[in-house]
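Survey of secondary and tertiary structure
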Amino acid sequence: MYKDVLRSIENIDIYPVVSLLIFVLFFLGVAIWVIRMPKDFVDHMKSLPMENDDELTNHQP
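The structure presented is a predicted model; accordingly, all values stated were derived computationally and were not measured.

A word on the overall build of the protein chain
- Assigned secondary structure in the protein chain consists of 4 helices and 0 strands.
- Counting helices and strands in the order they occur from the N terminus, the protein chain gives α-α-α-α.
- Of all 61 residues assigned to the protein chain, the portion counted as buried reaches 2%.
- About 6400 Å² of surface is accessible on the protein chain, with carbon and sulfur atoms providing 68% of the total.

Structure follows, in structure tokens:
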């Protein structure tokens, strides 16, 4: 039943190609962003979970 409905739609064969293209472009964009990320930013983000929270709690009322 579902196959007949999908076969009746014109140009349905383009949707898998478009979705794969969107996925690949997004993946490549994220990969390029990670590769070009500055080393000091990575080190800062890596050390965030280990920072002391005393400075943050002292400033709150």
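With respect to the confidence of the model for the protein chain
- Mean pLDDT for the protein chain: 84, with 85% of residues reaching 70 or above.
- Highest mean pLDDT in the protein chain belongs to helix 2 (residues 14–36) (96); lowest belongs to helix 4 (residues 54–58) (57).

Some words on the pattern of salt bridges
- Applying the stated criterion across every chain, the model contains 2 salt bridges.
- One salt bridge in this structure joins D43 and K39, with 3.9 Å as the shortest N-O distance. Residue D43 and its partner K39 are both found in helix 3 (residues 39–47); the two are separated by 4 residues, about one turn of the helix.
- With a relative accessible area of 58%, K39 lands in the exposed category.
- One salt bridge connects D43 with K46, and the closest N-O pair in it is separated by 3.6 Å. Taken together, the residues span about one helical turn, with D43 and K46 both in helix 3 at a distance of 3 residues.

With respect to the packing of aromatic side chains
- As enumerated under the stated definition, the model contains 1 aromatic pair in all.
- Summarising the aromatic geometry, the rings of F23 and F27 are spaced 6.3 Å apart at their centres and angled 25 degrees between planes, so their arrangement reads as stacked. Note that F23 and F27 are positioned in helix 2 at a spacing of 4 residues, about one turn of the helix.
- Classification of F23 by relative accessible area gives exposed; the value is 53%.
- For F27, a relative accessible area of 54% corresponds to the exposed category.

Conventions used here
- Residues numbered from 1 in each chain as written.
- Predicted model: local features only at pLDDT ≥ 70, side-chain atom pairs only at ≥ 80, totals over all residues.
- Heavy atoms only, no water.
- Helix = DSSP H or I, 4+ residues; strand = E, 2+ residues; numbered from the N terminus.
- Buried < 20%, exposed > 50% of the residue type's maximum accessible area, 1.4 Å probe, protein only.
- Areas by Shrake-Rupley, 256 points an atom, 1.4 Å probe, with all protein chains shown as cover.
- pLDDT = per-residue confidence, 0-100.
- Salt bridge = Lys/Arg side-chain N within 4 Å of Asp/Glu carboxyl O.
- Phe/Tyr/Trp six-rings, centres within 6.5 Å; stacked < 30°, edge-to-face > 60°.

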